[in-house]
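Single-letter residue listing:
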Amino acid sequence: MRHPLFLMILTFIVWSGIFLSVYAMQATACSMGWETIDGATWRLSPRPVLIAIVGAGVISIAALMLRHRKTASNASEERTSVFLEGVRAYLAVAALFATGFCFVGVLWLTICSP
Amino acid sequence: MTEHPSTEPNPVALHNALERIWGTKPGWGRLAAVNHNVIGIRFMLTALVFFAIGGVLAMLIRTQLASSNSVFMDAETYGQVFTMHGTIMMFLFAIPFFEGMAIYLLPKLLGTRDLAFPRLGAYGYWCYLFGGMILIGALLAGVAPNSGWFMYTPLSSSVYTPGINSDVWLLGITFVEISALSAAVEIIVTIMKIRAPGMSIDRLPIFAWYMLVVATMMLIGFPPLILGSILLEAERAFDLPFFDPTRGGDPLLWQHLFWLFGHPEVYIIFLPAAGAISTILPVLAGTPLAGYRMIVAAIVAMAFLSFGLWVHHMYTVGIPHVALSFFSAASALVAVPTAIQIFAWLATLAHGRARFSIPMLHIFGFFFVFVIGGLTGVMLAMVPFDWQAHDTHFVVAHLHYVLVGGFIFPMLAMAYYWLPHLTGRQPVQHLSHAAFWMIFVGFNVTFFFMHLTGLRGMPRRIFEYPPEFGWEVLNFVSSMGSFVMAMGFALVALDFILVFKFGRPFRRNPWNAGTLEWAMPTPPPSYNFASIPRIGARADLLDPNAIGPHLAAGKGYLGIPRYDRMEVVGVDSVTGEPDQLVVLPRQTILPFLTALATGAFFLLMLFKFYWATPAALALVILCFCLWSRPGNASFEKDMVSIGLGETVPVHIQSAAPPSYLAMVLTLIGDATLYISLLFGCLFLWISAPNWPPQDLPRPDVISLMGAAALVALSSVGNRMARKSARMSLAGNMVSLAAHLASTALFVSFASDLTPSASSHAAVASLFATFVYVVLHSVAGLVFSTHAIWRDLGNHDRALQDLDLRIGGLWHDFTAGAAFAAAGFCLLLDSLVKTGGA
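Along each chain, numbering runs from 1 in the same order as the chain's sequence is written. Each chain gets a letter, beginning with A, and each ligand a number, beginning with 1, in the order they are written. Local features are withheld for residues below a pLDDT of 70 in this predicted model, meaning they are given only at 70 or higher, and side-chain atom pairs are given and counted only at 80 or more; totals for whole chains, interfaces and linings count all residues. Here the side-chain values reflect all heavy atoms present in the structure, with hydrogen atoms and water set aside.

Next up on the list: the overall build of chain B. Each helix is a run of H or I in the DSSP string that is no shorter than four residues. Each strand is a run of E no shorter than two, and both are numbered from the N terminus. A count of helical and extended segments in chain B gives 23 helices and six strands. For 837 residues, the compact-globule estimate of 2.2 N^0.38 gives 28 Å, and chain B sits close to it at 27 Å. The dimensions of chain B, computed from C-alpha atoms along their principal axes, are 80 × 70 × 50 Å. Buried positions account for 63% of the 837 residues belonging to chain B. Just to be clear, the radius of gyration here is over C-alpha atoms, and the globule rule we use is 2.2 Å times residues to the power 0.38. Burial here depends on accessible area, computed with a 1.4 Å probe over protein chains only, as a share of the maximum for the residue type. Under 20% is buried, over 50% is exposed, and the range in between is partly exposed.

Here we come to the overall build of chain A. Of regular secondary structure, chain A possesses three helices and zero strands. Mapped in sequence order, the helices and strands of chain A form the string α-α-α. Relative to its 114 residues, chain A shows a buried fraction of 39%. On chain A, roughly 5,800 Å² of surface is accessible, and the fraction owed to carbon and sulfur atoms is 71%. Only the protein chains shown count as cover for residues, and all accessible areas are computed by the Shrake-Rupley method using a 1.4 Å probe.

This part takes up a nonpolar patch on the surface. Residues and elements named next belong to chain A. The patches described consist of residues with a relative accessible area above 30% and no salt bridge, like charges being joined within 9 Å and nonpolar side chains (Val, Leu, Ile, Met, Phe, Trp, Tyr) within 5 Å. Whenever a carboxyl oxygen of Asp or Glu lies within 4 Å of a side-chain nitrogen of Lys or Arg, that contact is scored as a salt bridge. The grouping of I51, V104, L107 and W108 at the surface amounts to a nonpolar patch, some 390 Å² of accessible area in total. Mapped onto the elements of the fold, I51 is located in helix α2 (residues 46-66). On the accessibility criterion, I51 (33% relative accessible area) is partly exposed.

Let us look at the confidence of the model for chain B. All names here are of chain B. Scored by pLDDT, chain B has a mean of 93; 98% of the residues are at 70 or more. When pLDDT is averaged over each helix and strand of chain B, the minimum, 86, is found for strand β2 (residues 504-505) and the maximum, 97, for helix α2 (residues 36-65). Per-residue pLDDT stays below 50 along residues 1-6; that stretch engages in nine contacts with residues further than four places along the chain or on separate chains. Across the predicted assembly, pTM comes out at 0.95 and ipTM at 0.93. For every residue, the predictor states its confidence as a pLDDT score lying anywhere from 0 to 100. In this analysis, two residues are considered to be in contact whenever any of their non-hydrogen atoms come within 4.5 Å of each other.

Below, the discussion takes up the environment of B:P591. Residue and element names in this part refer to chain B. Following the sequence through the fold, P591 ends up in helix α17 (residues 590-606). In this structure P591 comes out as buried when scored by relative accessible area, which is 0%. Beyond its immediate sequence surroundings of up to four residues, P591 is in contact with R119, A122, Y123, W126 and W627.

Here the focus is the environment of B:G488. All names here are of chain B. Tracing the backbone shows G488 in helix α15 (residues 472-502). Taking the C-alpha atoms as reference, G488 lies 9.9 Å from H433; in sequence the two are 55 residues apart. With residues up to four places along the chain from it excluded, the contact list for G488 reads A435, M438 and I439.

Moving on, we get to the interface of chain A and chain B. Contacts between chain A and chain B engage 41 residues on the former and 39 residues on the latter. With both chains or domains summed, chain A and chain B bury close to 3,500 Å², and 79% of this area falls on carbon and sulfur atoms. Linking chain A with chain B are one salt bridge, by the criterion used here. Between A:R79 and B:D202 there is a salt bridge; the shortest N-O distance is 2.7 Å. In protein, a polar contact requires one atom able to donate a hydrogen and another able to accept it; more generally it is a pair of N or O atoms within 3.5 Å, and residues adjacent in sequence count only if both atoms are side-chain atoms. Taken together, the connections running from chain A to chain B amount to seven residue pairs in polar contact (both at pLDDT 80 or more). Elements supplying a minimum of two residues to the side of chain A that touches chain B: α1 (4-32) and α3 (75-103) of chain A. When two components associate, each loses some accessible surface as probed by a 1.4 Å sphere; the sum of these losses over both components is called the buried area.

See below:
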C-alpha cells in the first residue's frame, strides 16, 4: 500500500486503530472484571494497558509525521508531491492532537463505572 | 461505424455523430438509458417527489402537535407518519438527491463524458425507485413502518411489531442502499480514473475532493446498517435472536450498528452540500477559494472523526466514564474541521466582492442556520447536558438546524446556481426572494422555538400532550412557522416552473465561473464535451469561455468518434496523465431488468414467500452475468491514438483498469460488513445478558480448517489460470471444484446449526458467519463458471486476464473470510467453554 493517498491518510488510520483498540480493550476488561483482579496475576490491569495503547499510538503518529518522502521526478510531479505532503502534514498534526484530546481520559477517569 | 475523417471535423457533424452514440433513444428506449445526464436528473427529480411527500407528512405532524390532546391522528397513524417522515427525508430524499447531483455534475467538472460505470448508475437508480415505491406503497396501504426512523429494537422486533411494518423498512431501505453503495463505488472510481488529462490530484475541482471523501464514507458507513437490517430481518423472519436479551441477544447491538451508520450519515449529507458551497461561493465572490489545501485536510479529518462519535447518540444507555470521554471529545473535536471550512468561506468572501444573487442569499441562510445547529451540537456533545436534553424536542430542533441548514439551504443555492445549466435558461427571480424569506423565517420560527419546547421537557415521538404541561403555545408557534416554510417551498417549486417556461436564454457561463461544466452547450448534450480537454491549471480556475469553443470544434482528446464506441480517457489517479482508453458499454435495458429481479427478491422476502427467493436470487445473478456478454465492440491489441499525438492501451490491456479498482472498493465495503458482523457477535459476548449459552454446537476443527483450505484452493486455481493460457481451463476447473466442495461443507455446517440457531444468539452468530461464507463461495462459483465460459468461448485473452484478476480478488477475499469464520468459530467456542477467563 504505497499509494500517495493512502500515505496521506495513514496517521488518521492509526488514530482509528487506537480508537478501536482502546474501546475494545476497555469494554472487554470491564466485562471480564479485570479491574478488580490483583495486578500480580498474569493479566495487567486495564488502565496501564489503555495508556500503553494510546502511548504507542502517539509515538506511531509522531513518527509518521516526521517522515518525509520525496518521489517527484519532474516539475509537475513536484507540484503534486508538495500538495500531498502539505495535506499529509496537516492531517498528521490533526491526528496527533485528536489522539491526545480524545484519549487523555484514560489517565484518570473511571474505567468501568457508568 | 464512423470512419476516420482525414480533414478537420465539422462541429455539427461531430455533434450529430456523438449524439447518435451517446444519446438516449425515445419511447421505450428510455428504459435503456445509462447516460449520466439522464440518470442524474432522474435521481434528483425522484428525490424531490419524495421530498414533497415527506414535507406533507411533516405538515401532518405539526397539525397534530399544534394543540394539546389533539384528535387529528391516533397513535398508530402518528407512529407511521413520523417514522415515514424521517425515513423519507434521510433515505429517499437527502442521500439520493446529492447522488443525483454528483452523477449529473461530476463528469462535467472532471472534464469527461460520463461516469466509469454507466450501467451501474442506471441499476442504482431503478433500485432506488423500486425501493422507494415499496415504502410509499406501504404508507398508502396503512402498513408503513412505525417504530421511528432508527427502528430501535425491541420496539421494532416481532414481539412488539408483529405486522409487516418493520419488514417494509428493513427490506425497503436495504434495497435502496444498494443504489447508495453502487453510487459510492462509481463516484470513487470516476474521480480516481476518469478525468481530463492533466488533472492531477492537486488540480481536482474542490467538489470532487468532497465527493471522493463522501463516497468513501458511504462505502464504510452503509454496510453496518445493511448488516443490522439483515440481522433484524433474520430475527423477525427466522427467529434468530440477535437482539433478544432473553436468548443472549442485545438491543444495544442494533443501536451500535445503526449509529455507526447514522452519525457519519449526517456528514455524508452535509459534505456534498459543503462541496457545492465551496464551488459556488468563490464564483459569486469573484475570487478563488481560500485555503484549498486546508479544506481538503479538513474534510478528510472530518470523515475520520465522524466515525468516532456514534456513541454520542447512546450516552444514556449506561456507558463507563472513560468510554463516554472518547465519544464526547470526538464529538466536540469534529467542530474544528467544520469551522475550518466556514472560516475558509468567510475568508473567500472577505477577499472578493460578493454578488448578492439568489444562490448567495441561500448561502447566507446556510451560514446562519448551520452555525446555530453546530453550536447546539457541541452542547449535546457534552454528556451532562445531553442527559438532560436526550430524547426531547431540543434534539429534534438541533437535528433540523443541522440538516436543513447543512443540506436544504445549500441545495437551494445549488439549484438556483445550476438551474441555467439544466434548462439553458436563467431565473427571472420574481418569486425567488419571497420564497427564500418565507423558508428562512418559517424555518427559524418552527425550530428555534422547538429548542425551548425541548428544554421545557417535551419528549420526542409523543402524539399528544396534556394542556397543563405548558407546551401548547410553543408548539402552536412551531406549527405556524412550519406552514409558512411549506408555502415558501411551494413558491420555490412555482419559481422553478416559471424558469422552465419563461426563463431568459443565455449563451454560455452566466456566472462567469471557472469550472468545466460551463465549457459546454446548455442544456448539456449527452456526451458533454465534443472532445476532452487537457487541463493546465486547477480545475476551478479555468476559462470555460475559451475552452468551450475549442472543445466543440473537436480539438481536444477523442475528437473523432471511433467504431460507434462510447470512449473516455482513463488517467493515472495521482498524476492525471492518460494511461488508457476506456470503452464504456452502450445503452441497455439490462440494469432495469436486473433491478426488477432484485425487487422481486425483496418483495418475495417481504411477503414471506421464502421458498421462491432462491429463484429470484438466481435470476438476479443471471441478469448480472448478461451484463458481461461480449458486445459488438472489439478491442485493439495495440496502442490506440486518443488525439493530440498521444497513444494509450485500451482499458482491458491496462495495468489499472477501472473495473479492478471497483472490485477492490466493493470488497472494502464487503469487509466492513463482515468485520461488523464478527465484532457484533463479540459485542454480544461482552455485553448481552444470558451468556454463555449452555451448549455451542460446532463443526470439528479438521472439517472447519479443511473447508477453509478448500476455499483457499480456489485462489490457487485462479493463479494457475492467470499464469498461462494453456493452464487457464484447468486452473478455473480447480477453482470451480474447490468452491463447489467448500460451499457444500459450509452449507452442511450451517444446516447442522439450524435446529438450535434460534436458541441462543451465540449459535445464531455462528450460523450467520457460515451463511456469509456460503454466499461468497456461491459468488465464487459464478466467477469460476464465467471464467470457464470465457475459456471455452475462446475470448480475447486480455479480456480473460482482466476477468481472472478481478475474480482472483474475490477468491482471495472469500478464502480470508472462510479462515476468519473458522477462527471465529473456535474463538467463540473457547470463550463459551472458559467464560473468557
